[in-house]
Structure formats: structure tokens, C-alpha cells
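The lines below spell out each chain.
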Amino acid sequence: MSHSPPPGTPKARIPGPQQPPPPYPRIAAGLWRRCLGGGLALWVLITWVTYETRNSTLLPTPILLGSFLVPVAFVLWAYERHCRDLGVSAILGCFLAGGTLGVLGASLTESNLLRPSPGTFAGVGLIEEAAKLAALVFVLRRQPAVRGLRAGLVLGAAVGCGFAALESAGYAVNAALSSAAVSAEGVDLRTLLQAELPRGLLGPFGHGLWTAIAGGVLLSRRRLNGYFRLSAPVAGTCLGVALLHALGDATHGAALWSVARLTGTAPEGQLFAPGYLVRPSAAQEPLFTLFSVGGLALVALAGVGWLRSLARRDPSW
């Protein structure tokens, strides 16, 4: 004869199977949006305080925050959407180590091989893209399981964004030092922002986009044992992204040439001077901005179309 348990007696529960924790950190959805919005608000605030107080000790903060904000937000978006399974160490290593090694390798090679000439842009594009791709190979050399088109696109973009952030910060520092050298009032904040804003905003659509394309093709042909293959498609892709890089760098000079032809007034100095030192006159500035931004947009659209054609080949997307 069975007896029912008295009311209120807790019933025993058989624990169900425990799900193993995910091998990657859980990042809340939309973290990249909060990072971008909060970082932008902080950048505006610190830039305004720097302008009002004329305190030069604050300059590193707007320079670094403005240079890294968009690339970091883009990498967070890429991790959240496409590469959680690759792990944080891979994408952080590509962004930090890969970007730093790419900048160092490109700087050493350019200083020893290139001389100012109209063909400088082609040499810079080839050297910098090869340096970023070599940095990607170095970071992933002990991770043979990381391969495939999707991994190459995301991690290549991380290397390119790290490179772009460091390069943007370098150009901003150079602009600040140059303005301080020619002005008795110290650093010209307007000159600094003109050097930082375009590069900081367009980083993912420049270096990030170009290295993503090259990295995708490279890792899609990586062997199962982890060895990288320098095949004809990889070499052709490197040349293609180097051409896009050269076209993007040449938009400044091309815009100056177009403005000079239309207005009949040539800018002072050499047209294709390295380092983007030549600036249009005040009357030429609106037309120059239209041509330079339009040229960069066309180069970015060409790169986006190329990347989308690659992504369609991978069913996992």
C-alpha cells in the first residue's frame, strides 16, 4: 500500500545533463554599438576640453581614441557576428600584434627601398599589403586549425584595422608636431583633426578591407597541416589589393590635379609630394574635398564588391 507524501514535502529532482560552457567569452549583443557611441561621446568631450584649455598634455587622448575607436568597434562587430568560434586570442593577436608587426615591417622596408617619385604609391601599396599579410601568417603560424575563407576575411580585417589605427595615430602625431613647429601658438587642433578624422573613419574600408580580401584567399588555401601556400591566386590577390591601396593613396594627388585643371590654379609645391603635405587653397578646398572623398568612395566600393564576391563562395556565410 502506497502513501502519498504529505503536502509541502519537497520532491527530489534529477539533475539534467549540464551543458559545457562555450569555449569563447559571451559578449552581449550590440557591444560594438555601445563602444562606438560611448567612445565617440568621450572623444568629442576630450577634444572640446583640449581646445578650450589649450592643454597639450591631453593631446595623446584624442589622438589615440580617435584613431582606435572605429577600428576597435569594427573588430568587435566582426567578432560578434562572424568569429566567436575562432576565439578572442586569435582576433586580439591579429589586431594588436599583427597590426604592430605590419606597421614596423612596412616602415623599415619603405625607408630602405622607396624614393620620392610618381611610382611611390605603387611601391607603398605593395610593401604595406605584403607586410600585413606576413604579419597575419606570423600570428597564425602556431594555430593550424585556423583556416578557411571566413577566418581569413575576419582575421585579415583585424590585422588591417590594427595597422590602420596605428598609422592614423602616427599621422595625427606628425600633423601635431608639424603645426607646432610652424606656429608660435603651439599645436593647431584643426590641422590635427584634418589628419586624423578621414583616416580614423575610413580605416575599415581601407586597410581593413584590403587585408581581409588577401587574408581570405590565403587562409582558404591553407593546408591541413597548417602550412601556407603561396599559390598563383594568393599572389594575384596581393597584387590586386596593392593596386586598390595605391589608388586609394593616389586620390589626394588626383584630386589636386583635377582641381588645378578645373580652376586653372595649380597648388603650391609638388603635386604628388609624399606624406600628403600639399594642401589646396581656401577657394579650392570644397571642390578638392568632393573629388578626394569621391575617389576614396569609388575605391572602397570596388573593394566591397570584391569581398562580397568572395563571401558568396563560402556556404557558412
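Scroll up to find the structure.
The structure displayed is predicted, hence computed values, not measured ones. (Residues numbered from 1 in each chain as written. Predicted model: local features only at pLDDT ≥ 70, side-chain atom pairs only at ≥ 80, totals over all residues. Heavy atoms only, no water.)

Moving on, we come to the overall build of the protein chain. Along the backbone of the protein chain there are nine helices and zero strands. Each helix (α) and strand (β) of the protein chain, taken in turn from the N terminus, gives the series α-α-α-α-α-α-α-α-α. Scored against the burial criterion, the 317 residues of the protein chain give a buried share of 42%. The long-range fraction of contacts in the protein chain, counting pairs at least 24 apart against all pairs at least 6 apart in sequence, stands at 76%. Element-wise, carbon and sulfur atoms account for 66% of the exposed surface of the protein chain, whose accessible area totals about 17900 Å². (Helix = DSSP H or I, 4+ residues; strand = E, 2+ residues; numbered from the N terminus. Buried < 20%, exposed > 50% of the residue type's maximum accessible area, 1.4 Å probe, protein only. Contact = heavy atoms within 4.5 Å. Areas by Shrake-Rupley, 256 points an atom, 1.4 Å probe, with all protein chains shown as cover.)

Attention now moves to helix H6 (residues 189-202). With 14 residues, H6 extends 20 Å between its outermost C-alpha atoms, agreeing within 8% with the 20 Å of an ideal straight helix rising 1.5 Å per residue. Of all the bends in H6, the greatest reaches close to 25° and is centred on Glu196; the proline Pro198 follows between one and four positions later. Buried residues of H6: Leu189, Leu192, Leu193, Glu196 and Gly200, and no others. (Expected span 1.5 Å × (residues − 1). Bend = angle between axes of the 7 residues up to and from the residue.)

Turning our eyes to something else, we now look at the packing of aromatic side chains. Taken as a whole and assessed by the stated rule, the structure comprises two aromatic pairs. Considering the side-chain rings of Phe68 and Phe95, the 6.3 Å spacing of their centres and the 65° angle between planes classify their relative orientation as edge-to-face. One end of the pair, Phe68, is in helix H2 (residues 60-82); the other, Phe95, is in helix H3 (residues 88-113), and 27 residues separate them in sequence. Summarising the aromatic geometry, the rings of Phe74 and Trp77 are spaced 5.6 Å apart at their centres and angled 35° between planes, so their arrangement reads as tilted. (Phe/Tyr/Trp six-rings, centres within 6.5 Å; stacked < 30°, edge-to-face > 60°.)

H6 packs onto helix H1 (residues 31-53) with a crossing angle of 155° between their chain directions and a minimal axis gap of 11 Å. The pairing of H1 with H6 is recorded here as roughly antiparallel in orientation. Note on packing geometry: the crossing formed by H1 with H6 is right-handed. From H1, Trp43, Thr47 and Tyr51 reach across to H6, where they touch Leu189, Leu193, Glu196 and Leu197. A per-class count over the contact of H1 with H6 returns five nonpolar, one polar and one charged. (Axes fitted to C-alpha atoms, helices over the stretch in contact; angles between N-to-C directions. Parallel < 35°, antiparallel > 145°, perpendicular 65-115°, else oblique. Left-handed = near helix turned anticlockwise from the far one by under 90°. Nonpolar A, V, L, I, M, F, W, Y, C, P; charged D, E, K, R; others polar.)

Glancing now at the environment of Gly170. Inspection of the secondary structure assignment puts Gly170 in helix H5 (residues 149-182). For the pair Gly170 and Ser67, spaced 103 residues apart in the sequence, the C-alpha separation amounts to 9.1 Å.

One finds Ile91, Cys94, Leu136, Leu140 and Leu155 to be the most contacted residues of the largest nonpolar core, which totals 35 residues. Only H2, H3, helix H4 (120-139), H5, helix H7 (207-220), helix H8 (232-263) and helix H9 (285-311) provide two or more residues apiece to this core. Once you skip the residues sitting within four places of it in the chain, Leu136 turns out to touch Cys94, Leu155, Gly156, Val159 and Gly215. If you look at the next biggest cluster of nonpolar residues, it comprises nine residues, including Leu59, Ala176, Leu189 and Leu193. (Core = buried A, V, L, I, M, F, W, Y, C linked by side-chain atoms within 4.5 Å.)

All right, on to the pattern of salt bridges then. Counted according to the given criterion, the structure contains three salt bridges. Its salt-bridge partner being Glu129, residue Lys132 comes within 2.8 Å of it at the nearest N-O pair. Taken together, the residues span about one helical turn, with Lys132 and Glu129 both in helix H4 at a distance of three residues. A relative accessible area of 0% means that Lys132 is categorised as buried. With a relative accessible area of 4%, Glu129 lands in the buried category. Residue Arg199 is joined to Glu167 by a salt bridge in which the shortest nitrogen-to-oxygen separation is 3.4 Å. Of this pair, Arg199 sits in helix H6 while Glu167 sits in helix H5, placing them 32 residues apart in sequence. (Salt bridge = Lys/Arg side-chain N within 4 Å of Asp/Glu carboxyl O.)

Where nonpolar side chains cluster on the molecular surface, the patch consists of Leu197, Leu201, Leu202, Phe205, Leu296 and Val304 and spans about 480 Å² of accessible area. Top contributing element to the nonpolar patch by residue count: H6, with three residues. Note on placement: Leu202 falls in helix H6. The exposure class assigned to Leu202 is partly exposed, which follows from its relative accessible area of 39%. (Patch = residues over 30% accessible without salt bridge, like charges linked within 9 Å, V, L, I, M, F, W, Y side chains within 5 Å.)

This next bit is on the packing of H7 against H8. Where H7 contacts H8, the axes come no closer than 9 Å and their chain directions differ by 175°. One finds that H7 runs roughly antiparallel with respect to H8. In this structure, H7 uses His207, Trp210, Ile213, Ala214, Val217 and Leu218 to contact H8, whose residues at the interface are Pro233, Val234, Thr237, Val241, Leu244 and His245. Taken together, the residues of the contact of H7 with H8 break down into nine nonpolar, three polar and no charged.

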